[in-house]
Amino acid sequence: MASKVCVVGAGVVGLSTATHLQEQCPDAHITIIADKFTVDTTSDGAAGIFRPGSSFRCATSEITRQCLDDSFYHYRKFLDDEAEAIRAGIKWISGYQLSSKYPGIVRNAYLESVLDEFRPCTKEELEIYPGDWKYGSFYKTILIENRRYLPYLTEKFKSRGGVIEQHCLESLDELGKDFDVICNCSGFGARELCNDITVLPMRGQVFKVNAPWVKNFLYVDYDTYILPGFSSITLGGCRQYDSWNAEVNKYDSAAIWERCTSILPSLEKAEIVKEWVGWRPYRYCVRIEKENFPTKNGNTLKVVHNYGHGGYGVLSAPGTAKYAVNLIQDFLPTTSVPLSKL
Ligand SMILES: Cc1cc2nc3c(=O)[nH]c(=O)nc-3n(C[C@H](O)[C@H](O)[C@H](O)COP(=O)(O)OP(=O)(O)OC[C@H]3O[C@@H](n4cnc5c(N)ncnc54)[C@H](O)[C@@H]3O)c2cc1C
């Protein structure tokens, strides 16, 4: 009999896991259960730049590196087919990272090891943008816009026979009778669903604006960023640790607007599409592990966790999904033949 797997969560992590699982276990019946989809998820608001910070961590440095590599080359492969990449919301993006204070902040050991173009700014480049910029890097990386990528993955999942149900779970116990394995990709929801109080909100606030003349990204001191996507440009930002405010804060708005327009004055003319607040699902390390999860009535459920990606869930979703799917396969009674090997 075919195995039944439930993926909890329809953000970028849940959808990446469910679609990768379909490829590795084509015989499995896979259901996604979530209370929020596409535009209502945290994933939707993320700018989606591939720029891992040093706080992105999995259980070991080897797993961290593997997840980043698998993710980078997954997205990189899309860019070989321009039409498909555009459909999925994936593109190359070039830009500058500048600092008036810290030489270290404009370096990125991971990106320097995988990108074809990552170099120090010339003296002339440091003078392009207003400000007292002493240090800078120019690089070309990848941007994944979830406004397109989440619907793309959803379609792929459904076209392969995947089932989607909208439901707010109070507990993973509710799923026990119906599924052989549960994969918990509930992001911040994991705090309640598996009582993990180490998951904390890292609050972010951004503007989404129309300014089609802006082509390059800019990252400067104090979490200031200008990131052009396909449908809008994201202006940010802030990283407020353990902040539970889900509303737009007018003082954050003023500070973000001032910082972004002072480095790129033409943004004063940009049309504001909306302001948005999201909670990055921060955890000291991404939790990707198997658990025999104890239920209230004394049974156990086979659960694979995949949550706590903080500010790096878009860029790391394919690699962490691959790692989680290997663990799901350990739990499944029979190993089916991956699509790629048929
Ligand atoms: C301002 C901001 C900018 C960011 N920029 C970037 C960036 O440039 N690059 C990058 O890589 N990352 C970025 N991030 C981080 C990224 O958005 C997150 O890491 C990522 O979205 C996490 O994805 P997820 O699928 O784990 O969570 P989510 O998108 O939150 O999805 C969680 C899913 O679980 C479901 N769920 C939760 N609890 C329950 C329940 N009890 N019952 C049923 N369903 C449940 C939800 O409905 C949802 O479908 C940014 C985040 C913010 C806030």
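Residues numbered from 1 in each chain as written. Predicted model: local features only at pLDDT ≥ 70, side-chain atom pairs only at ≥ 80, totals over all residues. Heavy atoms only, no water.

Below, the discussion takes up the domain arrangement of the protein. Structurally, the protein comprises domain 1 (1-88 + 145-199 + 283-342) and domain 2 (90-140 + 200-280). Taking both partners together, domain 1 and domain 2 bury about 2600 Å²; carbon and sulfur atoms supply 62% of that area. The three residues of domain 1 that bury the most area against domain 2 are R51, E145 and F188, which together make up 23% of that side's buried surface. On the surface where domain 1 and domain 2 come into contact, there are 10 residue pairs in polar contact (both at pLDDT 80 or more). When contributions to the side of domain 1 that touches domain 2 are tallied by element, the ones reaching two or more residues are helix 2 (42-45), helix 3 (61-78), helix 4 (82-88) and helix 6 (146-159). The element that contributes the greatest number of residues to the side of domain 1 that touches domain 2 is helix 3, accounting for 8 residues. The residue inventory of the side of domain 1 that touches domain 2, partitioned by class, reads 19 nonpolar, 6 polar and 9 charged. (Domains from an automatic or database assignment. Buried area = accessible area lost by both parts, 1.4 Å probe. Polar contact = N/O pair within 3.5 Å; in protein donor to acceptor, adjacent residues only side chain to side chain. Helix = DSSP H or I, 4+ residues; strand = E, 2+ residues; numbered from the N terminus. Nonpolar A, V, L, I, M, F, W, Y, C, P; charged D, E, K, R; others polar.)

With that settled, consider the sheet that holds strand 6 (residues 163-166). Strand order across the open sheet formed by 6 strands is 6-2-1-7-15-14, with mixed pairing between neighbours. Among the strands making up the open sheet, the edge pair consists of strand 6 and strand 14 (287-294). In this sheet, neighbouring strand axes are inclined to one another by 20° on average, regardless of whether the strands run parallel or antiparallel. Relative to strand 15 (residues 300-307), strand 14 runs antiparallel, the two sharing 8 bridges. Bridged to E289 within strand 15 is H305. In the packing of helix 1 (residues 12-24) onto the sheet, contacts are made with strand 1 (4-8), strand 2 (29-34), strand 7 (181-184) and strand 15, and the angle to strand 2 comes to roughly 175°. (Pairing = 2+ DSSP bridges. Axes fitted to C-alpha atoms, helices over the stretch in contact; angles between N-to-C directions. Contact = heavy atoms within 4.5 Å.)

This brings us to the environment of A28. With respect to the helices and strands, the residue A28 is situated in the loop between helix 1 and strand 2. By relative accessible area, which is 13% here, A28 ends up buried. Measuring from C-alpha to C-alpha, the distance between A28 and M1 comes to 9.2 Å, with 27 residues separating the pair along the chain. (Buried < 20%, exposed > 50% of the residue type's maximum accessible area, 1.4 Å probe, protein only.)

Where empty space is left can be seen by rolling a probe of water-molecule size over the atoms. Computed from the structure, the second largest pocket encloses a volume of approximately 790 Å³. As for the second largest pocket, its lining consists of 39 residues, of which P52, G53, S54, S55 and Y312 are closest to the centre. Looking at the lining of the second largest pocket, the elements with two or more residues in it are helix 3, strand 3 (90-99), helix 5 (109-114), strand 9 (217-220) and strand 13 (271-282). Here the element with the most residues in the lining of the second largest pocket is helix 3; it accounts for 4 residues. The residue inventory of the lining of the second largest pocket, partitioned by class, reads 17 nonpolar, 13 polar and 9 charged. (1 Å grid on protein atoms, 1.4 Å probe; cavity = no way out; pocket = protein on both sides within 12 Å on 5 of 7 lines; lining within 4 Å. Points joined across faces, edges and corners; volume = space filled by probe spheres on them.)

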